[in-house]
Amino acid sequence: MPKNVIVLGTQWGDEGKGKVADLLTKQAAIVVRSQGGNNAGHTLVAGDKKIVVRLVPSGILHSSCLCLIGSGVVVNPDALFGEIAELKAAGITDAEQRIKVSAGAALLLPIHPAIDKGAEKKRGKNAIGTTGRGIGPCYEDKVARRGVRVGDLAYPEILKEKLRNLMDYRNFLLKNYYAEPEISFDEVYNHLLEIAPRLLAMTADVSAILAEARSVGKKVLFEGAQGTFLDIDYGTYPYVTSSNTVAGGCCTGSGAGPLHMDYVLGIAKAYTTRVGGGPFPTELNDDIGEGIRQRGAEFGAVTGRPRRTGWYDAVAMRRAAAINSLSGLALMKLDVLDGMDELKICTAYKLKDGTISQLPPLAAYEYADVEPVYETMPGWKESTFGITEFTKLPANAQNYVRRLEELSGVKVAILSTGPERNQTIFLDDPFA
Ligand code: GDP
Ligand code: IMO
Ligand code: MG
């Protein structure tokens, strides 16, 4: 019986990971975030409550669930405390007691968003369209081995030295390279000393908790952020985020062993969206795309930016299935396609020299030569909104789902027909 289930995005983020993680958490004792930071925006809908979590794992609505933030996550303490306050206002008063943060997690400091914005400005027309939350610069500092970690808060003198080193370098860049105002070391250091007791009280050995949970057979859900094609290694580089969003990142970012992962559930919309710059072969810059955006309310949960929309891309999904060793698929937002005359599915990419490719290229610039090859299927006029049984779906909707399965090489385990928990068709239980 699977105990450790990974839920991750297979497209460019915003696939509906929050809904699925919240749904499956009914069965899980623990939910873990392993990468990313408050660039994520995961929407949870429970009755008349709608909550967007960014750093906090999506298990938080379930009162018995322990929520872990692994060492692969970049933690902005003010953002975390802000979210805890929002949760409290929504009636979840014990969030702080149920969230545990790895001492090894990187601290995201005020200088990181400043660098992020400076770097985006400098990129000009080649801007990545980041969330501006400082995620990239924080990971840069971590990898450059000058980062400050949550656990450093317990050692004020060590913290001071490390912070001084980091901020000297970053302020030099801010001033001389990005022509932006510097950030005061004293202000940041004093603020960190102020928040230290509160954040330190939340720290725990995440890897050890997961090993213990495994040994007693507890169910654990690993909640991915972003999506496969935003992965730093396998995404449309450089139009990506700065972490490993693929299944492997769940192991390195949480400290759970790879052989302890039992099921990988890939989340995909029944179409595709992307927010920010970068290649998007099946993008629709027309009324059909606008219709999907409006019906799907495709506006960023974090930044409010309109999301780009397009057809389902089975070529990208083939790559996602392999990289993540997908066990099953959660296909989301089927209802958004209601009422359309026909639907297109991208089955292959045609390259400039006429070659047909079954897999996507690696670098963003190589996408310039790519033209999607489409297969067309008839749409359906009936509403699928809220349907909970597969056989109650219009025949054309059933055929569409089955065809996506065939082309992607992965079976659909969960089919979503609305934002609410009960607007779901269960075909397989990842925890069973
Ligand atoms: P995440 O980042 O992957 O968690 O996804 P987001 O929360 O950023 O975006 C997904 C949006 O789609 C949210 O507003 C959800 O409430 C909504 N949603 C999820 N599943 C469905 C569905 O099946 N149908 C509709 N109409 N909306 C959905
Ligand atoms: P969830 O978890 C969609 C995108 C940004 C930008 C690129 C780099 O809600 O699916 P970053 O701030 O990470 O350096 O931005 O990645 N991006 C997301 N797009 N969903 C997300 O998270 C995203 N997190 C980052 O728009 O293109
Ligand atoms: Mg999101």
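Note that the coordinates shown come from a computational prediction; the quantities given were computed from them, not determined experimentally.

Before going further, it helps to spend a moment on the nonpolar core. Among the nonpolar cores identified, the biggest contains 60 residues, and Y312 and Y400 are the most heavily contacted of them. Each of domain 1 (4-102 + 204-263) and domain 3 (267-426) gives at least three residues to this core. V5, A28, F81 and L173 belong to the second largest nonpolar core, which has 59 residues in total.

Now for the site of ligand 1. The environment of ligand 1 is made up of 20 residues, and the closest members are K17, G18, T43, D335 and S416. A distance of 3.0 Å is found between an oxygen atom of ligand 1 and a side-chain nitrogen or oxygen belonging to D14. Here an oxygen atom of ligand 1 and a backbone polar atom of G41 are 2.8 Å apart. When ligand 1 sits alone it has 590 Å² of accessible area, and the protein chains cover 92% of it.

A few words now on the coordination of the magnesium ion (ligand 3). Protein ligation of the magnesium ion (ligand 3) involves D14 (OD) and G41 (O), the donor distances falling in the range 2.0 to 2.2 Å. On the criterion of sequence distance, the pair formed by D14 in the loop between β1 (4-9) and α1 (17-25) and G41 in the loop between β2 (30-33) and β3 (42-46) is long-range, its members being 27 residues apart. In this structure D14 comes out as partly exposed when scored by relative accessible area, which is 22%. Look at G41 and you get buried, because its relative accessible area is 12%.

Moving on, we get to the environment of S243. Assignment of secondary structure puts S243 in the loop between β10 (220-223) and α9 (247-254). Considered as a pair, S243 and S34 are 209 residues apart in the sequence and their alpha carbons are 9.6 Å apart. Setting aside residues up to four positions removed in sequence, S243 forms contacts with Q35, G36, Y139, Q226, L230, D231 and I232. There is a polar contact of 3.1 Å between the side chain of S243 and the side chain of Q35.

This brings us to the site of ligand 2. In the vicinity of ligand 2 there are 20 residues, among which D14, K17, H42, T131 and T241 approach most closely. Here an oxygen atom of ligand 2 and a side-chain polar atom of N39 are 2.9 Å apart. For ligand 2, an oxygen atom lies 2.6 Å from a polar atom in the side chain of T241. In the complex, 98% of the free accessible area of ligand 2, which totals 550 Å², lies under the protein chains. With respect to the pocket detection grid, ligand 2 is positioned in the largest pocket. Split into classes, the residues belonging to the shell around ligand 2 amount to seven nonpolar, ten polar and three charged.

A few words now on the domain arrangement of the protein. Here the domain parsing of the protein yields domain 1 (4-102 + 204-263), domain 2 (106-199) and domain 3 (267-426). Between the C-alpha centres of domain 1 and domain 3 the distance comes to 23 Å. Opposite the 41 residues of domain 1 that make contact, domain 3 presents 43 residues. Both sides of the domain 1 and domain 3 interface together cover about 3,100 Å² of buried area, and 62% of this is carbon and sulfur. For the salt bridge of D22 with R421, the shortest nitrogen-to-oxygen distance reads 2.6 Å. Connecting domain 1 to domain 3 are 17 residue pairs in polar contact (both at pLDDT 80 or more). Listed by contribution, the elements that provide at least two residues to the side of domain 1 that touches domain 3 are β1, α1 and β3. Here the side of domain 1 that touches domain 3 takes six residues from α1, the largest share from any one element. Here the side of domain 1 that touches domain 3 is built from residues that sort into 20 nonpolar, 14 polar and seven charged.

This part covers the packing of helix α4 (residues 111-123) against helix α6 (residues 156-176). At a closest axis distance of 10 Å, the pairing of α4 and α6 adopts a crossing angle of 30°. Considered as vectors, α4 and α6 are oriented roughly parallel to each other. In the crossing of α4 with α6, the sense of the turn from one axis to the other is left-handed. Along the contact surface, α4 presents I111, H112, A114 and I115, while α6 presents L166, M167, R170, N171, L173 and L174. Among the residues forming the contact of α4 with α6, the class breakdown is seven nonpolar, two polar and one charged.

A word on the layout of surface pockets. For the largest pocket, the calculated volume is near 770 Å³. Taken together, 42 residues form the lining of the largest pocket, with I128, T130, V240, T241 and S242 sitting closest to its centre. Among the elements of the structure, α4, α5 (135-143) and α6 are those that each provide at least two residues to the lining of the largest pocket. A per-class count over the lining of the largest pocket returns 19 nonpolar, 15 polar and eight charged. One number sums up the size of the second largest pocket: a volume of about 590 Å³. For the second largest pocket, the lining is made up of 25 residues, of which T43, G296, R307, K333 and P419 are closest to its centre. Secondary-structure elements contributing two or more residues to the lining of the second largest pocket are α1, β3 and β4 (49-53).

Each value, and the rule that gives it
- Residues numbered from 1 in each chain as written.
- Chains lettered and ligands numbered in written order.
- Predicted model: local features only at pLDDT ≥ 70, side-chain atom pairs only at ≥ 80, totals over all residues.
- Heavy atoms only, no water.
- Core = buried A, V, L, I, M, F, W, Y, C linked by side-chain atoms within 4.5 Å.
- Buried < 20%, exposed > 50% of the residue type's maximum accessible area, 1.4 Å probe, protein only.
- Domains from an automatic or database assignment.
- Near = heavy atom within 4 Å.
- Polar contact = N/O pair within 3.5 Å; in protein donor to acceptor, adjacent residues only side chain to side chain.
- Areas by Shrake-Rupley, 256 points an atom, 1.4 Å probe, with all protein chains shown as cover.
- Donors = N, O, S within 2.8 Å, 3.2 Å for Na, K, Ca; no water.
- Helix = DSSP H or I, 4+ residues; strand = E, 2+ residues; numbered from the N terminus.
- Contact = heavy atoms within 4.5 Å.
- 1 Å grid on protein atoms, 1.4 Å probe; cavity = no way out; pocket = protein on both sides within 12 Å on 5 of 7 lines; lining within 4 Å.
- Sits in = over half its atoms within 2 Å of the grid points.
- Nonpolar A, V, L, I, M, F, W, Y, C, P; charged D, E, K, R; others polar.
- Buried area = accessible area lost by both parts, 1.4 Å probe.
- Salt bridge = Lys/Arg side-chain N within 4 Å of Asp/Glu carboxyl O.
- Axes fitted to C-alpha atoms, helices over the stretch in contact; angles between N-to-C directions.
- Parallel < 35°, antiparallel > 145°, perpendicular 65-115°, else oblique.
- Left-handed = near helix turned anticlockwise from the far one by under 90°.
- Points joined across faces, edges and corners; volume = space filled by probe spheres on them.

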